[in-house]
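# Observations on the three-dimensional arrangement
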Amino acid sequence: MTESKKKGLIVRSTGSWYEVRSEEGKVYHGRLKGKFKLKGPQTSNPIAVGDWVMYEMEDEVHQTVLIVEILPRQNYLIRKSVHKTGQGQLLAANIDQAIFIMTFKMPKTSLGFLDRFLVTAEAFRIPVQIVFNKMDLLNEEEQDQVFEWAGLYQSLGYGILFTSIPKEQGIEEFNEMFQGKVSLMSGHSGVGKSSLMNIVAPDLHIKTKEVSDFAEKGVHTTTYSTMWELGKDTYLIDSPGIKELGILEIEKEELAHYFPEMRELLGQCKFNNCMHLSEPGCVVREALEQGDIAESRYFSYLSMLENNDNRR
Ligand code: GDP
């Protein structure tokens, strides 16, 4: 039977059945073949959109398949269970990038909100691109402030893009950002996510509407996840849980690891259990005083430490 096994990509998941896209682009209905032991995180659902799997044909007539194996993941995103069962919910796997859309005003996105998102993405090892949208609304002074923020985040290793829909600024680059990648998009409501996506993928909102109409009628609203194919090897992950990205419990001791500028200093403090608060011989505080760590970033670190439950 091994020669009949084929590789496919999970492009839709309801938690009980899946859509599997073959390498030739055919989409089958699939379910798991029995229960198989999984390495990795304990989650209420064993596979999610973005998972690469091996499948066998089950029924040629109805085009159904059995998923027999899950291939190793590059990363994954889990939403913590709200029921405190200890089991999280797997939202997506093998995510190439998270695109965070933010605006300086209308609405204002705070650096604290951005930093929480970045920490979550770091914890799941998902690279982030930060898009500053609605640049047309800013006067010179406000623009300079945004450029200063952008400089800071670029120096930390995050991708930066400035966009404006009315001015057609950065739209081509925004489109290019998605090509050949599996992306997820996040950001406050009203920052322009749907407007930007409408330009990149004009027919997407129709498909999205079909699903949300379907989901409203169904019972699977919380577990229904989809990956929209925008082009060759180009996907956008659409999952109800993505909006809540940032719900993650990080151990206080681990938090500094997810701030790249602190991560590189870890192990150099006098005390190896240093929390970088007011301990003597703390290199993080030293870097802060010398201006090598931005005050806003350190402030976010403190506020996340205090409010360990990183909910928004
Ligand atoms: P979403 O909630 O993030 O999906 O945001 P929407 O795409 O619904 O956009 C919210 C509002 O912002 C809409 O009225 C858009 O027309 C407007 N908008 C989006 N992008 C821009 C932009 O670059 N400049 C300006 N001035 N308005 C924009």
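Conventions used here
- Residues numbered from 1 in each chain as written.
- Predicted model: local features only at pLDDT ≥ 70, side-chain atom pairs only at ≥ 80, totals over all residues.
- Heavy atoms only, no water.
- UniProt positions renumbered as here; feature names shortened; annotations may be inferred.
- Helix = DSSP H or I, 4+ residues; strand = E, 2+ residues; numbered from the N terminus.
- Areas by Shrake-Rupley, 256 points an atom, 1.4 Å probe, with all protein chains shown as cover.
- Buried < 20%, exposed > 50% of the residue type's maximum accessible area, 1.4 Å probe, protein only.
- Polar contact = N/O pair within 3.5 Å; in protein donor to acceptor, adjacent residues only side chain to side chain.
- Near = heavy atom within 4 Å.
- Nonpolar A, V, L, I, M, F, W, Y, C, P; charged D, E, K, R; others polar.
- Phe/Tyr/Trp six-rings, centres within 6.5 Å; stacked < 30°, edge-to-face > 60°.
- Lys NZ or Arg CZ within 6 Å of the ring centre and 35° of its normal.
- Contact = heavy atoms within 4.5 Å.
- Expected span 1.5 Å × (residues − 1).
- Pairing = 2+ DSSP bridges.
- Right-handed = clockwise from strand over helix to strand, strands pointing away.
- Disulfide = S-S within 2.5 Å.

The chain carries the name Small ribosomal subunit biogenesis GTPase RsgA in an unreviewed UniProt entry, which gives Aquirufa ecclesiirivi as its organism. Turning to the chain, the UniProt record has this under Sequence similarities (unreviewed entry): "Belongs to the TRAFAC class YlqF/YawG GTPase family. RsgA subfamily."

Attention now moves to the overall build of the chain. When you go through the chain residue by residue, the secondary structure sums to eight helices and 13 strands. Approximately 16400 Å² of the chain is accessible, and the part contributed by carbon and sulfur atoms is 51%.

If you trace the backbone, Thr 14 turns up in the loop between strand E1 (6–13) and strand E2 (18–22). Residue Thr 14 is classed as buried on the basis of its relative accessible area of 2%. Only 3.2 Å separates the side chain of Thr 14 from the backbone nitrogen of Ser 16, close enough to count as a polar contact.

Right, let's talk about the site of the ligand for a bit. The environment of the ligand is formed by 15 residues, the closest being Asp 136, Ile 165, Gly 190, Ser 194 and Ser 195. Contact between the ligand and Ile 165: an oxygen atom at 2.8 Å from a main-chain N or O atom of the residue. Protein chains shield 66% of the accessible area of the ligand, which is 590 Å² for the free molecule. Considering each element in turn, the shell around the ligand owes the most residues, three residues, to helix H4 (residues 193–200). Looking at the shell around the ligand residue by residue, the class counts come to four nonpolar, eight polar and three charged.

Inspection of the entire model under this criterion finds nine aromatic pairs. For the ring pair Phe 100 and Phe 117, a centre distance of 4.7 Å and an interplane angle of 40° mean the geometry is tilted. Here Phe 100, found in strand E8 (residues 97–103), pairs with Phe 117, found in helix H1 (residues 111–123); they are 17 residues apart in sequence, far enough to count as distant. Assessed through its relative accessible area of 0%, Phe 100 is described here as buried. Ring pairs connect the aromatic residues Phe 100, Phe 113 and Phe 117, which therefore count as one cluster. Geometry around Trp 52 places Lys 7 over its ring, the cationic atom sitting 4.9 Å from the centre. The lysine or arginine in question, Lys 108, covers the ring of Phe 104, its NZ or CZ lying 4.2 Å from the ring centre.

Our next topic: the UniProt feature "binding site: Zn(2+)" (unreviewed entry) in the chain. UniProt records the feature "binding site: Zn(2+)" (unreviewed entry) at Cys 269, Cys 274, His 276 and Cys 282, using the numbering of this structure. Inspection of the secondary structure assignment puts Cys 269 in the loop between helix H6 (260–263) and helix H7 (283–289). Note on Cys 269: relative accessible area 11%, which makes it buried. Residue His 276 is classed as buried on the basis of its relative accessible area, which comes to 4%. Excluding anything up to four places from it in sequence, His 276 contacts Ala 256, Leu 266, Cys 269, Cys 282, Val 284, Arg 285, Tyr 298 and Tyr 301. Polar contacts involving the side chain of His 276 include one to the main-chain carbonyl oxygen of Cys 274, which spans 3.4 Å.

Along an α-helix, a turn takes 3.6 residues, which lines up residues three or four apart on a common side. Its 16 residues place the ends of helix H2 (residues 140–155) 22 Å apart at the C-alpha level, agreeing with the 22 Å of an ideal helix rising 1.5 Å per residue. Against the buried residues of H2 lie E8, H1, strand E9 (128–133), strand E10 (159–162) and helix H8 (295–306). Residue Asn 139 occupies the N-cap position of H2, its side-chain oxygen lying 3.1 Å from the main-chain nitrogen of Glu 141.

Attention shifts here to the pairing of E10. Both E9 and E10 contribute to a ladder of four bridges, which runs parallel. Across the sheet, the residue bridging to Phe 132 is Phe 162, located in E10. With respect to chirality, the unit in which E9 leads through H2 into the neighbouring parallel E10 is right-handed.

Summarising the element assignment, Arg 21 is placed in strand E2. Along the primary structure Arg 21 and Val 11 are separated by ten residues, whereas in three dimensions their C-alpha atoms are 6.5 Å apart. Each residue touching Arg 21, except ones within four places of it in the same chain, is listed here: Lys 7, Gly 8, Leu 9, Val 11, Lys 26, Val 27, Glu 229 and Tyr 235.

Moving on: the state of the cysteines. By definition, a disulfide links two cysteine residues through a covalent bond between their sulfur atoms. Scanning the entire structure with this criterion turns up zero disulfides. Between Cys 269, a free cysteine, and Cys 274, which holds the nearest cysteine sulfur, the sulfur-to-sulfur gap is 3.9 Å. No disulfide involves Cys 274; its sulfur sits 3.8 Å from that of Cys 282, the nearest cysteine.

A cis geometry characterises the amide bond from Met 106 onward to Pro 107, with omega recorded as -5°. Within the fold, Pro 107 resides in the loop between E8 and H1. With a phi angle near 55°, Gln 63 is a residue other than glycine that sits in the positive phi range. Within the secondary structure, Gln 63 is located in the loop between strand E4 (52–59) and strand E5 (64–70).

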